[in-house]
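Below, each chain spelled out in residue letters.
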Amino acid sequence: MISGAALCLVPFIAYIAWRNSRRHTLKDIRGPPSQSFWLGSEKVQRNAKQVGDLEFQWVHEYGPTWMAKGCLGEEVLWTADPRALQYIFHTSGYRFSKRTLANETTRLFTGESILVTDPVDHQRHRKIMNPAFGAAQLRTFLPVFRRSAARVSQKWKDTIQLGEQSDRCIMNVNETLSRMTLDVIGEVAFDHRFGVLDDNGVGHELVHAFNNLFVDTFLHPSSLDLVFKATWRFLPQPILNCLKYLPYREYRRFATYLQTAIRTGKAIVNEKAAGTEKGSKDIISILVQSNLKEDARSQLSEREMLSQIATILVAGHDTTSSTLTWMLYELSKHPEDQRRIRDEIKAARANAEARGDADLLPSDLSNMAFTNAVIKEALRIHPIVPTLIREADSDDVIPLAQPIETKSGKIIHEIPISKGQGITASICTYNRLPSVWGEDADEWNPNRFLDDSRERSSLGVFANLMTFSAGLRACIGWRFAVLEMQAVLVELIENFEYRFPEGVEVIRLNAGLMAPMVEGKMDEGLQMPLEVTVIS
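Reading the values: the criteria
Residues numbered from 1 in each chain as written. Predicted model: local features only at pLDDT ≥ 70, side-chain atom pairs only at ≥ 80, totals over all residues. Heavy atoms only, no water. Helix = DSSP H or I, 4+ residues; strand = E, 2+ residues; numbered from the N terminus. Rg over C-alpha atoms; globule rule 2.2 N^0.38 Å. Contact = heavy atoms within 4.5 Å. 1 Å grid on protein atoms, 1.4 Å probe; cavity = no way out; pocket = protein on both sides within 12 Å on 5 of 7 lines; lining within 4 Å. Points joined across faces, edges and corners; volume = space filled by probe spheres on them. Nonpolar A, V, L, I, M, F, W, Y, C, P; charged D, E, K, R; others polar. Phe/Tyr/Trp six-rings, centres within 6.5 Å; stacked < 30°, edge-to-face > 60°. Buried < 20%, exposed > 50% of the residue type's maximum accessible area, 1.4 Å probe, protein only. Lys NZ or Arg CZ within 6 Å of the ring centre and 35° of its normal. Pairing = 2+ DSSP bridges. Axes fitted to C-alpha atoms, helices over the stretch in contact; angles between N-to-C directions. Core = buried A, V, L, I, M, F, W, Y, C linked by side-chain atoms within 4.5 Å. Salt bridge = Lys/Arg side-chain N within 4 Å of Asp/Glu carboxyl O. Parallel < 35°, antiparallel > 145°, perpendicular 65-115°, else oblique. Expected span 1.5 Å × (residues − 1).

(A) Molecular detail of the overall build of the protein. When its secondary structure is counted, the protein shows 22 helices and twelve strands. Relative to the compact-globule value of 24 Å for 536 residues, the protein shows a C-alpha radius of gyration of 24 Å, a close match. In terms of its C-alpha atoms, the protein occupies a principal-axis envelope of roughly 75 × 55 × 45 Å. A separation threshold of at least 6 residues defines the contact pool for the protein, and within that pool the share at least 24 residues apart is 75%.

Right under this line is the structure:
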């Protein structure tokens, strides 16, 4: 049997070698040494102690563009170069598709969503969903953001009062923020109350399905799993469609989440279909309305509609809660920044009172310069999705802002690539490039966003960051996320002080998303323990 398997591998490896021989080679591009034909540098990179540690080392050694071997001997072009990213994501967005690995993994937990569509369907999905994420519509969501943040404040105050000290305690802020953002997405996207914050998610199947979802599926993949996934790019779609039936933990977890989200979505859709008012602009109402239109070109199928719900639940709550978690982590180490935010809040409230307004308006939140600088700096230092992977749909030439030196000593300003070339955009590395962010790019410094004299390229959809991706496939809900973070941060800084507890080490782990975990307690899942003190 073993000899039979070996015989099957011979033609497969020969095919890979033949395929690679017919392309532009990246062999002259410098990069880290390959560990083996089977794993390349993939396992070393995926199992780094902290997200980005190796990439930060590689960019220092090779420049912002390098070649790293992937599994099965594949040459993968890695880049954090701003001009290359501009070209790939902005200039030529639909000419650089998501790779099979990214698409099929995403399909496992979002179904046939906007995240896995081809260019034609992506434009159709996006056109239908855009009205729900416009600036005017988002303003109507602000009261929900405020109410949910206020419930977090009250929950933390109640928890603190039950502790040994009446004014402070150490708590896992990530857990509460994750439940809050799930409640928020339920109300503003679906006009539905999940109520998971009120009962701590006890007995709630969505909370159970979400709990450590990405840790259980992405963290520390085995060598066999990495090699298996590397073969996906050679498989036809009918076989890829069967991945969801594999009896392994990752696939079972994703299938359970998708089934739970679809079951929840169907109940919401049925409820909304019976009572949706014309002109209603919450996301599910827009999807239901579009499905009732006669023009088939603008309709979403039932499968697509339910897949959007699964997507919105993941993207709308997990990413925002993680960013808020990392934001409080940084502020817990910089109490002077907390004080500056409180001073801005006091000034903004005074202005609102002088106008006769009972609460802050979206414009007040946008005008709080330092508070917004803190949000931008958190998004820069802690991009929740640290890498994006793409594939060239045709032969092309990638331009570079920063020339690189090849192994043969040449200085090159562009890189010719072949159709099918795999590209990994290192978002966490771009967000820390000294050439873009200054010599202190590795340090926490919100003031960099208050310096108007600094020259920056125009990249991404927000603050020159790649955290929300960029171009045609940029995050459709980025404005939603920023407004929610503004409202929640104001509430939580106004009512509490944060300090990082002694003797604790929080590390950034690559679990699909940038996951906070405590060194030595990784079996306990996502954690961000902070000392939280009530401001009297």
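(B) Region of interest: the layout of surface pockets. Taken as a whole, the largest pocket encloses approximately 470 Å³ of empty space. Secondary-structure elements contributing two or more residues to the lining of the largest pocket are α9 (173–190), α10 (205–210), α11 (213–218), α16 (302–332) and β11 (513–518). The element that contributes the greatest number of residues to the lining of the largest pocket is α9, accounting for five residues. Here the lining of the largest pocket is built from residues that sort into twelve nonpolar, ten polar and four charged.

(C) Molecular detail of the packing of aromatic side chains. This structure, assessed with the given rule, holds 23 aromatic pairs. Measuring from centroid to centroid gives 5.6 Å for W156 and F496, while their planes differ by 70 degrees, and the two rings are edge-to-face. Linking W156 in helix α8 (residues 142–161) with F496 in strand β9 (residues 496–499), this pair joins segments that are 340 residues apart in sequence. The exposure class of W156 is buried, given its relative accessible area of 1%. With relative accessibility at 0%, the residue F496 sits in the buried group. An angle of 45 degrees between the planes, with centres 6.4 Å apart, marks the rings of F468 and W478 as tilted. With a gap of ten residues between them, F468 in the loop between α21 (434–437) and α22 (478–495) and W478 in helix α22 connect regions that are remote in the sequence. Just as F468 is buried, W478 falls in that class too. An aromatic cluster of three or more residues is present, and its members are F109, F214, F218 and F254. Directly above the ring of F500 sits K333, whose terminal nitrogen or CZ lies 4.9 Å from the centroid. Here the basic side chain of R340 rests over the ring of F370, its NZ or CZ set 3.8 Å away from the ring centre.

(D) How the structure looks around the sheet that holds strand β2 (residues 75–79). Read from one edge of the open sheet, five strands run β1-β2-β8-β5-β3, paired in mixed fashion. Since the sheet does not close on itself, it has two edges, and those belong to β1 (65–69) and β3 (96–98), each with one partner. Ignoring which end each strand starts from, the neighbouring axes of this sheet average 35 degrees apart. Looking at chain direction, strand β5 (residues 387–392) and strand β8 (residues 422–426) are connected through five bridges and run antiparallel.

(E) Main features of the nonpolar core. Grouped together as the largest cluster of nonpolar side chains are 149 residues, with contacts concentrated most on W156, Y257, L313 and L328. By residue number, the principal contributor to this core is α16, which donates 13 residues. Excluding residues within four positions of it along the chain, L328 makes contact with W156, V173, L177, L489, L492, I493, Y498 and L530.

(F) Representation of the pattern of salt bridges within the structure. In total, this model carries 31 salt bridges according to the counting rule given. With a closest N to O distance of 3.3 Å, D167 and R168 form a salt bridge. Take D167: its relative accessible area is 29%, and that puts it in the partly exposed class.

(G) Looking closely at unusual backbone geometry. Phi is positive for A463, close to 60 degrees, though the residue is something other than glycine. As for its position among the elements, A463 is in the loop between α21 and α22. Judged by relative accessible area, A463 falls into the partly exposed class, the value being 25%.

(H) Region of interest: the pairing of β1. Among the five residues of β1, four are classified as buried, and the element is accordingly described as predominantly covered. Across five bridges, the pairing between β1 and β2 is antiparallel. Following the sheet pairing, T65 is matched in β2 by T79. With antiparallel pairing between neighbouring strands as the criterion, β1 and β2 make up a hairpin whose turn holds five residues, including L72 at a positive phi of roughly 60 degrees.

(I) The arrangement of the packing of α16 against helix α19 (residues 369–381) in detail. Relative orientation of the contacting elements α16 and α19 amounts to 105 degrees, with a least axis distance of 9 Å. Considered as vectors, α16 and α19 are oriented roughly perpendicular to each other. Residues T323, M327, E330 and L331 of α16 form the contact with α19, whose own contacting residues are V374, I375, A378, L379 and I381. Residues that form the contact of α16 with α19 fall into these classes: seven nonpolar, one polar and one charged.

(J) Spotlight on α9. The first and last C-alpha atoms of α9 sit 25 Å apart over 18 residues, in line with the 26 Å expected at 1.5 Å per residue. Most of α9 is tucked away: 17 of the 18 residues are buried. Looking at the residues trailing α9, positive phi occurs at D191, about 55 degrees.

(K) A look at the sheet that holds strand β4 (residues 168–172). Strand order across the open sheet formed by three strands is β4-β12-β9, with antiparallel pairing between neighbours. Unpaired on one side and paired on the other, β4 and β9 mark the two borders of the sheet. Put simply, the sheet's adjacent strands are angled 35 degrees from each other on average, direction ignored. Taken together, the five bridges between β4 and strand β12 (residues 529–534) define a ladder with antiparallel strand orientation. Pairing of C169 across the sheet is with V532, part of β12.

(L) The side chain of D225, seen in detail. Along the chain, the position of D225 falls in helix α12 (residues 223–230). Those residues in contact with D225 that sit more than four places away from it in its chain are E250 and Y251.

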